[in-house]
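Observations on chain architecture
Here are the chains, one letter per residue:
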Amino acid sequence: LQARLAALGATLEPEVSADSWGVLLTAPTVGWQPALALTLDCALHPTLDRATLSAARLRLIERLGPKDGPGAWLAATAAAISPAAPGMLAPWGSRARQASLSLKALNEFARTSLIGGAVRVGVVGPIVVDDAVGLAARRLVELEAAQALPAVRSKPPDDPPSAADPPAQQATLGLAL
C-alpha cells in the first residue's frame, strides 16, 4: 500500500466518526483515476491480517496521545456518559478498548458493513464528476445491495472556492460507510 501511495504522490487517512467509518485519499489531480481505484480497493478489500492490525493499533495509540492526555479523558468521559456506546462520543476509543478488539471480530465487521446502500463516495477537486461516479459505480456493483445507492450530489463548477476546498492541483477522494 505504501508503495502504491508513494507512486501516486497520495496520502491515505482513516476517517472515523460516531456514525461512520471510511478512508480519505488526497492525490494530484492528474492521477485521480488510479487514486480512486486505490481508495475503493482499500475500502472494499481491506487487508486485515495480524501485521496490519498491529500496525493500526500502534498508529491509533499515537493518535490517542499520552495515557493521561485529552484522548484518554475523552474516552473515559464517553464511557461514563454512554457505557453501552462510548464510540458515539469518542470514535477513536481508548487504549484498553482497542486492545480488546480481535482480528476475527474486525474481519467480521468489515464483511458485514460493506452493504451497497450504506456506502457514500465523495470526490472533490477539478475533475469530471460523472467520470468519477461512473468509475466508483462500476467498482461498487460488487456490493450486496440492501437498498438503492444514494443519489449523488455534486458541487456546480461555477461555485466559488471555499476555504475548505483542496488546492486546485489536488483531488480528494473519500469513501464512508
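Because the structure is a prediction, the values reported are computed rather than measured.

Criteria and thresholds
Residues numbered from 1 in each chain as written. Predicted model: local features only at pLDDT ≥ 70, side-chain atom pairs only at ≥ 80, totals over all residues. Heavy atoms only, no water. Helix = DSSP H or I, 4+ residues; strand = E, 2+ residues; numbered from the N terminus. Buried < 20%, exposed > 50% of the residue type's maximum accessible area, 1.4 Å probe, protein only. Contact = heavy atoms within 4.5 Å. Areas by Shrake-Rupley, 256 points an atom, 1.4 Å probe, with all protein chains shown as cover. Salt bridge = Lys/Arg side-chain N within 4 Å of Asp/Glu carboxyl O.

1. Topic: the overall build of the protein
Each helix and strand counted, the protein has 7 helices and 4 strands in total. Listing the helices and strands of the protein from first to last along the sequence gives α-β-β-α-α-α-α-α-β-α-β. Counting the 177 residues in the protein, one finds 28% classified as buried. Excluding contacts between residues fewer than 6 apart, the proportion of contacts in the protein whose partners are at least 24 apart in sequence is 73%. Of the roughly 11000 Å² of accessible surface on the protein, 62% is carried by carbon and sulfur atoms.

2. A short note on the pattern of salt bridges
Throughout the structure, instances matching the rule amount to 3 salt bridges. A salt bridge links Arg 63 to Glu 13, with the shortest nitrogen-to-oxygen separation between them at 2.5 Å. A residue pair is termed long-range when its members are at least 10 positions apart, and Arg 63 in helix H3 (residues 50–64) and Glu 13 in strand E1 (residues 11–16) qualify at 50 residues. Judged by relative accessible area, Arg 63 falls into the partly exposed class, the value being 42%. The salt bridge involving Asp 41 is made with Arg 139; its shortest N-O contact spans 2.6 Å. Placement of the pair is Asp 41 in helix H2 (residues 32–44) and Arg 139 in helix H7 (residues 129–140), with a sequence separation of 98 residues. Residue classification places Asp 41 among the partly exposed positions, given a relative accessible area of 21%. Each of Arg 4, Asp 41 and Arg 139 takes part in one network of salt bridges that share partners.

3. Concerning the environment of Leu 36
Within the secondary structure, Leu 36 is located in helix H2. What makes Leu 36 buried here is its relative accessible area of 1%. In this structure, the C-alpha to C-alpha distance between Leu 36 and Leu 24, residues 12 residues apart in sequence, is 10.0 Å.

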